[in-house]
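# Observations on the three-dimensional arrangement
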Amino acid sequence: MIPLSENEVEVRGFHLDSDGDISLELASSLLSADERERAQAFRFPVHQDRYIRGRGMVRQCLAEHLQQDPKTLVFELEDRGKPFLKNNELYFNLSHSEEKAALAISRLPSLGIDIEQFDREVDIPALSRRCFRESEIKRLDGLEGDELQRAFFWTWTAKEARMKATGEGFGLEPGKIEISFDGEWPDRCLAPIDPIVYVSAVRFEGFRAACTVAATSPFELRVVPAHLERSETV
């Protein structure tokens, strides 16, 4: 494992509905008693399994960087509910959209990531009017079908990554955030300006999802490709 530099963010994409990235058995064996209890609280088995694989990957990936037993990692919650690793120098953020997930790990403390599948069904006109700035709405004008879905979710993931980076969540209204773009990809957060937050698009080939990472310091990306299911290869 190559150590992370001070300004580097590792982003790993993975699947939650198969054993291709981590087996359910292994993931379950890494969880704490509290995490296993949380998994059992989900009503449907598919959501239990996704939670288990997600938490298992968090533990496994952090442990690889720390050269530590995944089972010994201890997590706590910030005041606003954002989890963090107790007594360690690494920070992380996890996001998932149905069966796809993305995990960001860094030495930078203010870190956020969001992933959304392009085929997720949402009311784009209504959400855009409520959550997007005028410049962002104009980017959607005249777009249809897949182009509209992609433009919407690249904007949405940038906003949500921004909200997660500072731990504000939806305490910071999406409409107060303004994102600029380099072509299709989000590349700057124009507002709010305090604190300054940096954003970068994460492109997983064949993953068919928008993914954006954000931090309060400039950073470089290290992207670990997702294991592609046979049906998703391009």
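Everything in this summary refers to the structure shown in the same document. What you see is a predicted model; the values in this text were computed from it and never measured.

## A closer look at unusual backbone geometry
A cis amide bond links Ala191 with the next residue in sequence, Pro192, at an omega value of -5 degrees. Tracing the chain through its elements places Pro192 in the loop between β8 (185-191) and β9 (198-201). Residues Asp194 and Pro195 are joined by a peptide bond in cis, for which omega reads 0 degrees. In this fold, Pro195 is placed in the loop between β8 and β9. One non-glycine residue, Gln67, lies in positive phi territory at about 55 degrees. Within the element layout of this structure, Gln67 appears in the loop between α3 (45-66) and β2 (75-77). Under the relative-accessibility criterion, Gln67 is labelled exposed at 75%. With phi around 55 degrees, Glu98 is a residue other than glycine that occupies positive phi space. Assessed through its relative accessible area of 47%, Glu98 is described here as partly exposed.

## Description of helix α4 (residues 124-131)
Each turn of an α-helix holds 3.6 residues, which means side chains three or four residues apart point in the same direction. For α4, every residue scored as buried is listed here: Ile124, Ala126, Leu127, Ser128 and Cys131. Looking at the packing, one finds that the buried side of α4 touches α5 (134-140) and α6 (145-165). Taking the backbone nitrogen of Ala126 as reference, a side-chain oxygen 3.2 Å away marks Asp123 as the first, capping residue of α4.

## Side note on the packing of α4 against α6
Between α4 and α6, the shortest axis-to-axis distance is 12 Å and the interhelical angle comes to 35 degrees. For the element pair α4 and α6, the recorded crossing hand is left-handed. Together, Ile124, Leu127, Ser128 and Cys131 of α4 and Leu148, Gln149, Phe152, Trp156 and Lys159 of α6 make up the contact between the two elements. Of the residues assigned to the contact of α4 with α6, the class counts are six nonpolar, two polar and one charged.

## A short note on the nonpolar core
Note on soluble globular proteins: their nonpolar side chains tend to be buried together. Within the largest apolar cluster, 26 residues are counted, with the highest numbers of intra-cluster contacts made by Phe132, Leu140, Phe152, Trp154, Ile177, Ile179 and Ala214. If you list the elements that add at least two residues to this core, you get α4, α6, β7 (178-182), β9 and β10 (209-215). Tallying contributions element by element places α6 first for this core, with ten residues.

## Here we look at the pairing of β10
For β10, the tally of buried residues reaches seven of seven residues, placing the bulk of the element in the interior. Alternating residues of β10 divide into Ala209, Cys211, Val213 and Ala215 and Ala210, Thr212 and Ala214, and every residue in both groups is buried. Two strands pair when backbone bridges link them, and strand β6 (residues 111-117) and β10 are joined in this way by seven bridges, in the antiparallel orientation. Within β10, the residue paired with Leu111 across the bridge is Ala215. Inspection of the sheet shows β9 paired to β10 by four bridges, in the antiparallel sense. Across the sheet, residue Ala201 finds its bridge partner in β10, namely Thr212.

## Here we look at the layout of surface pockets
Computed from the structure, the largest pocket encloses a volume of approximately 970 Å³. If you go around the largest pocket, you meet 34 residues; those closest to its centre are Tyr51, Arg55, Pro83, Leu94 and His96. Counting residues per element, the ones that place at least two in the lining of the largest pocket are α2 (33-40), α3, β2, β4 (91-97) and α6. Classifying every residue of the lining of the largest pocket by side-chain character gives ten nonpolar, ten polar and 14 charged. If you trace the second largest pocket, you find 13 residues lining it, with Phe118, Arg150, Phe204, Arg208 and Ala209 closest to the centre. Take the lining of the second largest pocket: its biggest share by element is three residues, from α6. The class makeup of the residues in the lining of the second largest pocket is seven nonpolar, one polar and five charged.

About the thresholds
- Residues numbered from 1 in each chain as written.
- Predicted model: local features only at pLDDT ≥ 70, side-chain atom pairs only at ≥ 80, totals over all residues.
- Heavy atoms only, no water.
- Helix = DSSP H or I, 4+ residues; strand = E, 2+ residues; numbered from the N terminus.
- Buried < 20%, exposed > 50% of the residue type's maximum accessible area, 1.4 Å probe, protein only.
- Contact = heavy atoms within 4.5 Å.
- Polar contact = N/O pair within 3.5 Å; in protein donor to acceptor, adjacent residues only side chain to side chain.
- Axes fitted to C-alpha atoms, helices over the stretch in contact; angles between N-to-C directions.
- Left-handed = near helix turned anticlockwise from the far one by under 90°.
- Nonpolar A, V, L, I, M, F, W, Y, C, P; charged D, E, K, R; others polar.
- Core = buried A, V, L, I, M, F, W, Y, C linked by side-chain atoms within 4.5 Å.
- Pairing = 2+ DSSP bridges.
- 1 Å grid on protein atoms, 1.4 Å probe; cavity = no way out; pocket = protein on both sides within 12 Å on 5 of 7 lines; lining within 4 Å.
- Points joined across faces, edges and corners; volume = space filled by probe spheres on them.

This is a description of form; function is not addressed.
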